[in-house]
Structure formats: structure tokens, C-alpha cells
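Breakdown of the fold
Each chain, written out:
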Amino acid sequence: MAKILIVEDEVAINHLIRKNLELVGHTCVCVFDGDAVFDALDKEVFDLILLDVMLPGMDGFQVMKGLGQKIPVIFLTARGATSDRIKGLNLGADDYLVKPFDMLELQARVTSVLRRTQKQDVMFKLGEVEVDFNSRLVYLNDEIIDFTPQEFSLIEILIKNRNIALSRERLLEGAWGFDYLGDTRTVDVHIHGIRKKLGWEDVIKTVYKLGYRLEVKK
Ligand code: CA
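Below you will find a few notes about this structure.

What counts and how
- Residues numbered from 1 in each chain as written.
- Predicted model: local features only at pLDDT ≥ 70, side-chain atom pairs only at ≥ 80, totals over all residues.
- Heavy atoms only, no water.
- Donors = N, O, S within 2.8 Å, 3.2 Å for Na, K, Ca; no water.
- Helix = DSSP H or I, 4+ residues; strand = E, 2+ residues; numbered from the N terminus.
- Buried < 20%, exposed > 50% of the residue type's maximum accessible area, 1.4 Å probe, protein only.
- Salt bridge = Lys/Arg side-chain N within 4 Å of Asp/Glu carboxyl O.
- Pairing = 2+ DSSP bridges.
- Axes fitted to C-alpha atoms, helices over the stretch in contact; angles between N-to-C directions.
- Core = buried A, V, L, I, M, F, W, Y, C linked by side-chain atoms within 4.5 Å.
- Contact = heavy atoms within 4.5 Å.
- Arc of directions from axis to C-beta.

The protein atoms donating to the calcium ion are Asp-9 (OD), Asp-52 (OD) and Met-54 (O), with metal-donor distances spanning 2.1 to 2.3 Å. Donor residues for the calcium ion sit on one chain with the sequence pattern D-x42-D-x1-M. With a gap of 45 residues between them, Asp-9 in the loop between β1 (3–7) and α1 (11–23) and Met-54 in the loop between β3 (48–52) and α3 (60–66) connect regions that are remote in the sequence. Residue Asp-9 is classed as partly exposed on the basis of its relative accessible area of 29%. Here Met-54 falls in the exposed class, since its relative accessible area comes to 60%.

As C-alpha cells, this is what we get:
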């Protein structure tokens, strides 16, 4: 998971972004003007900056030019300001989001930029369970637990989207592929098996009328 600096002068939006990114496991620091970016960068190392263009004091473009180090940046731009988007990308931004944006889109863009720029987590640990994404092996108390490729894919999707409710359809597509003709009840059967093998009855929550969520308490 990543450390993200949020630069946005509208306090409510800034906090909403933080809340949504923290929900999926990122750590965030919020600042509200351009100058504060440099103080934050002096104190800590970030994996990504979400940078509003219209800011009091230095604007987002000036901040971008002043970044001495290469940090991935997603610009937050006002609706319709095409020239802002082009300018941002020309300055080396990795992506931009047009306000108002939906939080799922924000999470998706953040994940996609981090995937390109950051080494992904290769291990996941929760209690006595360890998941190695490279070897696709799952350990319980240091012993390998056998899973089918589909079960492993379900575990992987749930972990990578931890604390987010995922529909049965999405899990089915993710683990079996778009053209799989199976029934969403297949997902229920496999989730039941995973819970049983790992003692995850309380970790994989059933989301009423939707699907499942892997719950990791912070
Ligand atoms: Ca602003």
C-alpha cells in the first residue's frame, strides 16, 4: 500500500479523498496549499501526489515544476479545462482527474498509477495466514494450504480490494474470466471453501444482496 500526499484546498474534498484512500489501505497526508507540499516532502517520502491545480499561493503547475524529485502525480482539474489537462500531462503528470469525480474512479486511477510506478505488494499477512502473490501459495501456520487457481484468484481479488464490497459478478469475472458461463452461486461455493480452509469465516464478510468483502481492521 502507498503513502499519498493530497494537495487540495477544499477541506471537505481533501478529507473525503483521504477517507476513501485510507479505506483501501493507503496512508495519506493532507495539505491545503501549494507551499505546504514542500514542507511535507522534506519530512516524509511519498509514493504519489494528488495535486489540485487551483490552489491559493502557488498553483498546482508551479508546484509540479518545483518538485525536485520524480514522484508520480495525478492532477485534479476543473471540469472542461482541457488546456489544464494538456499542460499537466506535458509537465510530466502521470494522470489527471476531472472534478467532480467519483471515488471509485479515484481509487481506480490511483491503483493504476501505482501499478505502473511502484513495486506491488508481493506478500500479504493476516494473523496466521500468509499469501505469496509471486508463487501463488497460501500458508496457514507455515503450512501450504491447497487452493485451485480460481480460489487463489478470488483470494487475490479480495485482498487487493480489501475493505471494499465486491459483487459476485465482479468476483466471477475476476476469477473465471468474462466469458465464463457459470452461475454466481459458484462464487458462494468457493468462498465457503476458502473461509473453511483458512478459518476466515469472520474475515470474508457477506455483503447483503451484493457479494463479499475481505475485512482487515486498521
Ligand atoms: Ca482548488
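Here the focus is the pattern of salt bridges. Within the structure shown, the criterion is met by 13 salt bridges. For Lys-99, the salt bridge identified is with Glu-8, shortest N-O distance 3.0 Å. Here Glu-8 lies in the loop between β1 and α1 and Lys-99 lies in strand β5 (residues 95–99), a separation of 91 residues in the sequence. In this structure Lys-99 comes out as buried when scored by relative accessible area, which is 16%. The exposure class assigned to Glu-8 is buried, which follows from its relative accessible area of 0%. For Arg-213, the salt bridge goes to Glu-215, with nearest N and O atoms at 2.7 Å. Assessed through its relative accessible area of 24%, Arg-213 is described here as partly exposed. Via salt bridges that share partners, Glu-8, Asp-52 and Lys-99 belong to a single interconnected network.

This part covers the sheet that holds strand β2 (residues 27–31). Pairing within the open sheet is parallel, and its 5 strands lie in the order β2-β1-β3-β4-β5. The sheet is open, and its two borders are formed by β2 and β5, each paired with just one other strand. Put simply, the sheet's adjacent strands are angled 20 degrees from each other on average, direction ignored. As paired elements, strand β4 (residues 73–78) and β5 share 5 bridges and run parallel to each other.

Our next topic: the nonpolar core. Ranked by internal contacts, the top residues of the largest apolar core, which has 30 residues, are Val-131, Ile-155, Leu-198, Trp-200 and Leu-214. Contributing elements (two or more residues each) for this core: β7 (129–132), α6 (149–160), α7 (168–176), α8 (185–198) and β12 (211–214). At 6 residues, α6 tops the list of elements feeding residues into this core. Non-local contacts of Trp-200, meaning those with residues more than four positions away in its chain, are made with Phe-124, Leu-126, Val-129, Ile-155, Ile-159, Ile-194, Arg-195 and Leu-214. Ranked by size, the runner-up nonpolar core spans 20 residues in total, among them Leu-5, Val-37, Leu-41 and Val-73.

What follows deals with helix α2 (residues 34–43). Gly-34, Ala-36, Val-37, Ala-40 and Leu-41 are the residues of α2 that are buried. Taken end-on, α2 shows its buried residues confined to a sector of 140 degrees, consistent with a single buried face. Opposite the buried face of α2, by more than 90 degrees, sit the exposed residues Asp-42 and Lys-43. Structurally, α2 contributes buried residues whose contacts are with β1, β2, β3 and α3.

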